[in-house]
Amino acid sequence: MNIIIFGPPLAGKGTQSKRIINDFGLTHLSTGDALRSEKAQKTELGIKASEYSSKGLLVPDDLVAQIVESFYHNHKSEKGILFDGYPRNTEQAKHLLNVIEKDGSSIDKVIFLKVPKEELLKRAVKRAEEENRKDDKDSNIVLTRINEFGNSTIPAINFIKESGIKTIEIDGNQSIDDIYEIIKSEFQ
Ligand code: AMP
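Calculation criteria
Residues numbered from 1 in each chain as written. Predicted model: local features only at pLDDT ≥ 70, side-chain atom pairs only at ≥ 80, totals over all residues. Heavy atoms only, no water. Salt bridge = Lys/Arg side-chain N within 4 Å of Asp/Glu carboxyl O. Helix = DSSP H or I, 4+ residues; strand = E, 2+ residues; numbered from the N terminus. Buried < 20%, exposed > 50% of the residue type's maximum accessible area, 1.4 Å probe, protein only. Pairing = 2+ DSSP bridges. Axes fitted to C-alpha atoms, helices over the stretch in contact; angles between N-to-C directions. Contact = heavy atoms within 4.5 Å.

Caption draft 1: Structural detail: the pattern of salt bridges. Under the criterion given, the structure shown has 15 salt bridges. With a closest N to O distance of 2.8 Å, Glu169 and Lys114 form a salt bridge. Here Lys114 lies in strand β4 (residues 109-114) and Glu169 lies in strand β5 (residues 167-171), a separation of 55 residues in the sequence. On the basis of relative accessible area, Lys114 is assigned to the partly exposed category, the value being 38%. Between Arg123 and Glu119 there is a salt bridge, with the nearest N and O atoms lying 2.9 Å from each other. Of the two residues, Arg123 and Glu119 are both situated in helix α6 (residues 117-131); the distance of four residues between them amounts to about one turn of the helix. Residues participating in the shared-partner salt-bridge network are Arg127, Arg133, Asp135, Asp136 and Arg145.

Now the structure itself:
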């Protein structure tokens, strides 16, 4: 079973992803985490990507596609992959469906966590204190990331929906437990 979890920055994708992978045995691919790890290891890809991510902008498709393809081919024999943070635009959505379909597999479900902008801005202040993420500290960077979501990722979600994949839209402005109950009920 392959799943995509969508949501604006700070919607709680990472938190829900941890629960999903624990309970359903999926393998987690967070492109944000993968890019942060590339940066920490000072790889060429990580350094190039951070020129964009440090400003809240999307990293060029070819850089992220490399990560996704190699992850997919290394983990496809497992129970399934939870894609968190990929795709983030329509080109990436086409790329992901192409990689998966070429392999005779499919995306089985899509989860979309919806959270209003004002709530996202409040959460950024809190996470900046708790996790020391640089891109949460500066409200201009947070706003850029939220705008990237609206401008680039919403069209990708629409593209995926139009391709006929079941998309579950969830109000992300509820407790972590309540959101997870809804997600779990969709798996039964
Ligand atoms: P995240 O941890 O998912 O919020 O991602 C942090 C940052 O990594 C984003 O603001 C982007 O700069 C970059 N990033 C993560 N995933 C992607 C992607 N699929 N395409 C382009 N940039 C990405």
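Caption draft 2: Fine view of the sheet that holds strand β2 (residues 27-30). Spatially, five strands are ordered β2-β3-β1-β4-β5 in an open sheet, and the strand pairing comes out parallel. Every interior strand has two partners, whereas the edge strands, β2 and β5, have only one. Direction aside, the axes of adjacent strands within the sheet are offset by 20° on average. Sheet topology places β4 next to β5; five bridges connect them, and they run parallel. Opposite Leu113, over in β5, you have Ile170 as the bridge partner. Contacts between helix α1 (residues 13-24) and the sheet are confined to β1 (3-6), β2, β3 (81-84) and β4, with β3 contributing the most and set at about 175° to the helix.

Function cannot be read off these values alone, since they describe shape.
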